[in-house]
Amino acid sequence: MMIQRRPRPQRRRQLTALVLAGAVLYLVAATAASPTARSALETLGRQGDLALGLLRSQLADPRQEEVLPASVSLAIGQSPLLLSSQEAVLRLRRTEEPDDSDITEAPAAPGGIQQPEQTAPIPEQPTEPETPLVFADNGVAAKTLIPSSPDGYLVAGSVYISNRTDYALDASLFDGSFAAALPAEEGPQILIVHTHGSEAYTMPAGQEYTPSGDCRTTDNAYNVVRVGDELAKTLEEAGLRVLHDPTLHDYPEYSGAYNRSLDAVNAYLEQYPTIAFVLDVHRDAISDSDGTPYKVVSNVAGLNAAQMSFVIGTDGGGLEHPQWRENLKLAAAIQEHLSGSCPTLMRPITVRNSRYNQHTTTGSLLVEMGAAGNSLDEALLSARLLGQAMAEVLQVK
């Protein structure tokens, strides 16, 4: 009688490795000629059920909820196009699962205004994020700030605007158009500056920096200048021409920072007249009523990204700024674009009487990249998301 022996564990591992190697070769070969990530995924669909079947067989691992198994990550990592579509693969995994986003969509009311199901105190209702931290935990409580009522806001599409001025604004102003445009001439197109460049974040244990003040540092590896580096890099990777000024205009003296940054912006505009967009990158400071700081986050593909907000200046304080509405329209267009993929990443736009040096171009924006309680990693992720969205909006125009 012949005894049939079971394969040894080592042999099973060898067989598994051969199967995965075959899957990697198939995926790379199937997507090699695809010019975009989207077409790569479509190619896999046309090739039949084999590739997607291999992915589904790995995605069925019941022990993991939001992260791809190591074998799938290895296979996808061999193809840059598939690597860029890892989020789409994750969505494939969650096809039959309920949506776990930070906000609940309500039926749209006439005029494109969404009416939330519940009302709550304005301006923003903090909620606890449902997604656990993926970056190193810095020990600060996390909340997601979202409007739960249109009361007190101007709502245009999915964009909420908090108007702190005496000017009247109408939703019809926000049709997606704006005055600023990428110049056809050679030369820098976008300038990134930091009026308050020493603003920093709360780092996890073991990653602390040398402070120059309360949640501030002159070390540009840890303050908002580092976030500006990431934003500039993302814009440049999208084909835009960027200048990034790392000057700390708030150090050693905080008072007069806007005057010093204005001098710098004007000098750049004189030297490079092709600059059409000026981004002043800051970070916010948010705390509870008892003074306890917290971080503001948004769930983006299983990661905690720092929530961002645009602050738009006007001539309401008496300084000349006749075209401030164009800056506001630009901010609204970028925020509307971002809301499609990241519905809670942007907090409401705030319109104020102060000018914030935004009179220099019709493409000037002040953006708060998270708050002091956020980690640097969370702010860097948001910088990449903002850069991608801005590039897409500007290049379509």
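Notes on the structure follow.

Definitions and limits used
- Residues numbered from 1 in each chain as written.
- Predicted model: local features only at pLDDT ≥ 70, side-chain atom pairs only at ≥ 80, totals over all residues.
- Heavy atoms only, no water.
- Helix = DSSP H or I, 4+ residues; strand = E, 2+ residues; numbered from the N terminus.
- Buried < 20%, exposed > 50% of the residue type's maximum accessible area, 1.4 Å probe, protein only.
- Contact = heavy atoms within 4.5 Å.
- Areas by Shrake-Rupley, 256 points an atom, 1.4 Å probe, with all protein chains shown as cover.
- Expected span 1.5 Å × (residues − 1).
- Axes fitted to C-alpha atoms, helices over the stretch in contact; angles between N-to-C directions.
- Parallel < 35°, antiparallel > 145°, perpendicular 65-115°, else oblique.
- Left-handed = near helix turned anticlockwise from the far one by under 90°.
- Nonpolar A, V, L, I, M, F, W, Y, C, P; charged D, E, K, R; others polar.
- Pairing = 2+ DSSP bridges.
- 1 Å grid on protein atoms, 1.4 Å probe; cavity = no way out; pocket = protein on both sides within 12 Å on 5 of 7 lines; lining within 4 Å.
- Points joined across faces, edges and corners; volume = space filled by probe spheres on them.
- Core = buried A, V, L, I, M, F, W, Y, C linked by side-chain atoms within 4.5 Å.
- Phe/Tyr/Trp six-rings, centres within 6.5 Å; stacked < 30°, edge-to-face > 60°.
- Lys NZ or Arg CZ within 6 Å of the ring centre and 35° of its normal.

We now examine the overall build of the chain. Looking only at helices and strands, the chain has 10 helices and 12 strands in total. Looking at the chain as a whole, 48% of its 397 residues are labelled buried. Intrachain contacts of the chain at a sequence separation of at least 6 include 74% that bridge at least 24 residues. Accessible surface computed for the chain: about 20,100 Å², of which carbon and sulfur atoms make up 51%.

Look at helix 9 (residues 324-339): 23 Å from first C-alpha to last across 16 residues, which is about the 22 Å you get at 1.5 Å a residue. In terms of burial, helix 9 is a largely internal element, 13 of the 16 residues being buried.

Our focus in this paragraph is the packing of helix 9 against helix 10 (residues 376-396). Relative to each other, helix 9 and helix 10 sit at 110°, their axes nearing to 9 Å. Compared by their axis directions, helix 9 and helix 10 come out roughly perpendicular. Pair helix 9 / helix 10 crosses with right-handed handedness. Here L330, A333, I334, H337 and L338 of helix 9 lie close against helix 10, whose contacting residues are L385, L386, A389, M390, E392, V393 and L394. When its residues are assigned to classes, the contact of helix 9 with helix 10 shows 10 nonpolar, 1 polar and 1 charged.

What follows deals with the sheet that holds strand 6 (residues 242-244). Reading across from one edge, 3-4-11-10-12-7-5-6 is the order of the 8 strands in this open sheet, with mixed pairing throughout. With one partner strand each, in any of the chains shown, strand 3 (154-156) and strand 6 form the two edges of the open sheet. Across this sheet, the average inter-strand angle for adjacent strands is 25°, counted without regard to direction. Bridge count between strand 5 (residues 190-193) and strand 7 (residues 277-284): 4 bridges; the pairing is parallel. Considered in strand 7, the bridge of L191 is made with V278. Against the sheet, helix 10 touches strand 5, strand 7, strand 10 (308-313) and strand 12 (364-371), its axis set at about 150° to strand 12.

Quick look at empty space enclosed by the protein now. Per the stated rule, a full pass over the model turns up 2 cavities of 30 Å³ or more. Estimates place the volume of the largest cavity at around 80 Å³. Those elements giving two or more residues to the lining of the largest cavity turn out to be helix 8 (257-271), strand 7 and strand 12. In this model, the second largest cavity occupies a volume close to 30 Å³. Every residue lining the second largest cavity is listed: L231, L279, F310, I334, L365, V367, L386 and M390. Within the residue set of the lining of the second largest cavity, elements represented by two or more residues are strand 12 and helix 10. Taken together, the residues of the lining of the second largest cavity sort by class into 8 nonpolar, no polar and no charged.

Within the secondary structure layout, C215 lies in the loop between strand 5 and helix 7 (224-237). With a relative accessible area of 17%, C215 lands in the buried category. C-alpha separation for the pair C215 and E199, spaced 16 residues apart in sequence, amounts to 6.6 Å. Setting aside chain neighbours within four positions, we find C215 in contact with S198, E199, A200, Y201, T202, Y209, R283 and A372.

With 61 residues, the main nonpolar core has I190, L235 and I349 as its most contacted residues. For this core, the element with the highest residue contribution is helix 10, accounting for 12 residues. With residues up to four places along the chain from it excluded, the contact list for L235 reads I190, I192, L240, V242, L279, G387, M390 and A391. One finds V193, V265, L269 and V278 within the second-largest nonpolar core, a separate group that totals 6 residues.

Our next topic: the packing of aromatic side chains. Describing an aromatic ring pair means giving the distance of the ring centres and the angle of the ring planes. Counted by the stated rule, this structure contains 4 aromatic pairs. Between Y209 and Y222 the ring centres are 5.8 Å apart and the planes differ by 45°, which places this aromatic pair in the tilted class. Of this pair, Y209 sits in the loop between strand 5 and helix 7 while Y222 sits in the loop between strand 5 and helix 7, and the two are 13 residues apart along the sequence. Take Y209: its relative accessible area is 17%, and that puts it in the buried class. Consider the rings of Y258 and Y356, whose centres lie 5.8 Å apart with planes at 55°: the pair is tilted. Taken as a pair, Y258 in helix 8 and Y356 in the loop between strand 11 (349-352) and strand 12 lie far apart in primary sequence, 98 residues in all. The side chain of K143 reaches across the aromatic face of Y294, ending 4.6 Å from its centre. Against the face of Y167 rests R325, its NZ or CZ located 5.4 Å from the ring centre.

Everything listed here is a matter of geometry and, on its own, says nothing about what the molecule does.
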